[in-house]
Structure formats: structure tokens, C-alpha cells
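Here are the chains, one letter per residue:
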Amino acid sequence: MEYVDPIKEIESINAIKEVLRKQSQRDLLLFVLGINTGIRVSDLLALKVQDVKDESGMKEFLYLHDADEVKAYYLNGKVHTELEKYMEEREFKEDEFLFKSQKNNQPITRQQAYRIINKAARLVGIPGKIGTHTLRKTFGYHAYRKGIAISLLMNVYNHTSRAETLKYIGIDKQEKRLVKVDVNL
């Protein structure tokens with residue numbers, strides 16, 4: 001596997017969203033879901049409508065089976081917004097793949113997901129190596145920069161050391177991290 005980079009600039013993330021918004025709501029949802037949850041692209045592509053929506057609406061958490069445990073991933077407001085727009089496009093069956101190919105009833109392939117993400121990144125001028133793992137790394141980079149404990153990110157990535165996770169998300173050991181601890185009582 002070739003090493004890829006996280007997208008560190010918020011402006012670049014927003015620019016990619018705009019490119020994908022014009023291209024396809026499905027592709028935009030793939031990007032937004034990936035950068036907001038840190039879920040592996042193989043798990044994203046396997047999602048079905050019933051995993052994110054039930055009769056009462058969009059779910060708050062997405063549950064995935066990982067080895068011998070079930071992991072819960074929070075679906076935040078950004079994900080909900082894009083999910084709702086996507087679900088308005090047409091009638092979805094609950095057992096349908098969320099990221100269904102236009103050619104058949106299967107999900108898009110990893111290669112197609114790579115092409116979608118890589119092309120959008122190139123169109124907005126992002127340097128560096130961009131691929132499907134960029135979504136996971138972008139999630140981790142921004143979560144860490146916003147003060148999420150490295151131990152929580154280690155759990156998301158199934159890493160055994162802080163150093164492994166910091167390297168994975170593109171944090172340099174010399175980088176100073178300012179965190180606002182604002183109890184605001």
C-alpha cells in the first residue's frame with residue numbers, strides 16, 4: 001500500500017466538497033462520511049441504506065462489526081445534511097447499497113472511490129499523495145487538532161501505540177498543538 005496524506009487545510013476540504021457537489025451527491029456523501037467518521041473505505045462501500053436510516057429517519061450512530069467487537073460511529077450534522085440530500089434524490093430500498101454503482105446493483109469499487117477522491121483533489125490543486133485512506137487520515141488529523149484524545153483515535157484505527165497513530169494521521173512530533181481547554185462554567 002502506498003502512503004497517502006491527510007488533507008490538512010479546511011479550505012481544501014471545502015473546495016473538494018464543492019467539486020463533488022457539482023459532480024454527484026453520492027460522491028459528496030462518500031467524501032463527507034469518510035472525513036467525518038474515519039471509517040475504512042471498504043466498510044463505507046459495504047454500507048446499506050438500512051445502516052444509516054430507519055423508519056424514524058437518519059440514525060445517530062452507525063454500527064460496524066470489527067473482528068470480535070461492534071464499533072459505533074457518530075453521524076454528525078454534516079453527515080446528516082448530505083445523507084438527507086442524497087435520500088431526497090430518489091426512492092431507496094433499505095437493503096440497497098448506499099454507494100451503489102450506476103452500472104449494477106453493487107457498490108462502487110475501491111478503484112472508483114479512489115478515482116473520485118483523487119480527481120477532486122487534483123482539480124482543486126491539492127499536492128501530495130491522495131487516495132481512499134486520505135479520508136481516514138483527514139478525519140484523524142482534524143480530530144486530533146481539535147483536541148480529541150489520541151487514545152480514542154488509537155481505538156478507531158486499531159493501533160497499539162501513540163507514535164503509530166500520530167505518524168498515520170500526519171502529525172509531526174515537533175508540531176506544537178494548542179488545545180483550548182474551555183470549561184466555561
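Quick look at the structure, then.

Quick notes on the rules
Residues numbered from 1 in each chain as written. Predicted model: local features only at pLDDT ≥ 70, side-chain atom pairs only at ≥ 80, totals over all residues. Heavy atoms only, no water. Patch = residues over 30% accessible without salt bridge, like charges linked within 9 Å, V, L, I, M, F, W, Y side chains within 5 Å. Areas by Shrake-Rupley, 256 points an atom, 1.4 Å probe, with all protein chains shown as cover. Salt bridge = Lys/Arg side-chain N within 4 Å of Asp/Glu carboxyl O. Helix = DSSP H or I, 4+ residues; strand = E, 2+ residues; numbered from the N terminus. Axes fitted to C-alpha atoms, helices over the stretch in contact; angles between N-to-C directions. Parallel < 35°, antiparallel > 145°, perpendicular 65-115°, else oblique. Left-handed = near helix turned anticlockwise from the far one by under 90°. Contact = heavy atoms within 4.5 Å. Nonpolar A, V, L, I, M, F, W, Y, C, P; charged D, E, K, R; others polar. Buried < 20%, exposed > 50% of the residue type's maximum accessible area, 1.4 Å probe, protein only. Pairing = 2+ DSSP bridges. Expected span 1.5 Å × (residues − 1). Core = buried A, V, L, I, M, F, W, Y, C linked by side-chain atoms within 4.5 Å.

1. Things to note about a nonpolar patch on the surface
On the surface, a cluster of nonpolar side chains totalling about 410 Å² of accessible area is made up of Phe61, Tyr63, Val70 and Tyr74. Sorting the residues of the nonpolar patch by element identifies strand E3 (61-66) and strand E4 (69-74) as the ones contributing at least two each.

2. Describing the packing of helix H2 (residues 25-37) against helix H7 (residues 133-145)
Relative to each other, H2 and H7 sit at 45°, their axes nearing to 6 Å. Judged by the angle between their axes, H2 and H7 are oblique. The crossing of H2 and H7 is right-handed. The segment H2 lies against H7, with Leu30, Phe31, Gly34, Ile35, Asn36 and Thr37 engaging Leu135, Arg136, Thr138 and Phe139. Here the contact of H2 with H7 is composed, by residue class, of five nonpolar, four polar and one charged.

3. Quick notes on the pairing of E3
Of the two faces of E3, the one holding Leu62, Leu64 and Asp66 is buried and the one holding Phe61, Tyr63 and His65 is not buried anywhere. Across six bridges, E3 lies against E4 in antiparallel orientation. When the sheet's bridge partners are listed, Tyr63 is paired in E4 with Ala72. Taking the residues between adjacent antiparallel strands as the criterion, E3 and E4 are bridged by two residues, where Ala67 takes a positive phi near 55°.

4. Regarding helix H6 (residues 110-123)
In this model H6 runs 20 Å from its N-terminal to its C-terminal C-alpha over 14 residues, within 8% of the 20 Å that 1.5 Å per residue would give. When H6 is considered as a whole, its buried residues turn out to be Ala113, Ile116, Ile117, Asn118, Ala120 and Ala121. Trailing H6 by a residue or two, Gly125 shows a phi angle of about 80°, which is positive.

5. Regarding the nonpolar core
If you look at soluble globular proteins, the nonpolar side chains tend to sit buried side by side. Counting 40 residues, the largest nonpolar core has Leu98 and Phe99 as its most contacted members. Counting residues per element, the ones that place at least two in this core are helix H1 (10-23), H2, helix H3 (41-45), helix H4 (49-52), E3, helix H5 (77-89) and H6. Residues within four places of Leu98 in sequence aside, it is in contact with Leu29, Leu33, Leu47, Lys48, Val49, Val52, Leu83, Tyr86 and Met87.

6. Re the side chain of Thr165
Relative to the elements of secondary structure, Thr165 occurs in helix H9 (residues 162-168). What makes Thr165 buried here is its relative accessible area of 0%. Look past the residues within four positions of Thr165 in its chain and what remains in contact with it is Ile150, Leu153, Met154, Tyr157 and His159.

7. Here we look at the side chain of Asp27
Inspection of the secondary structure puts Asp27 in helix H2. Since its relative accessible area comes to 4%, Asp27 is described here as buried. Discounting chain neighbours no more than four positions away, the residues touching Asp27 are Leu20 and Ile116.

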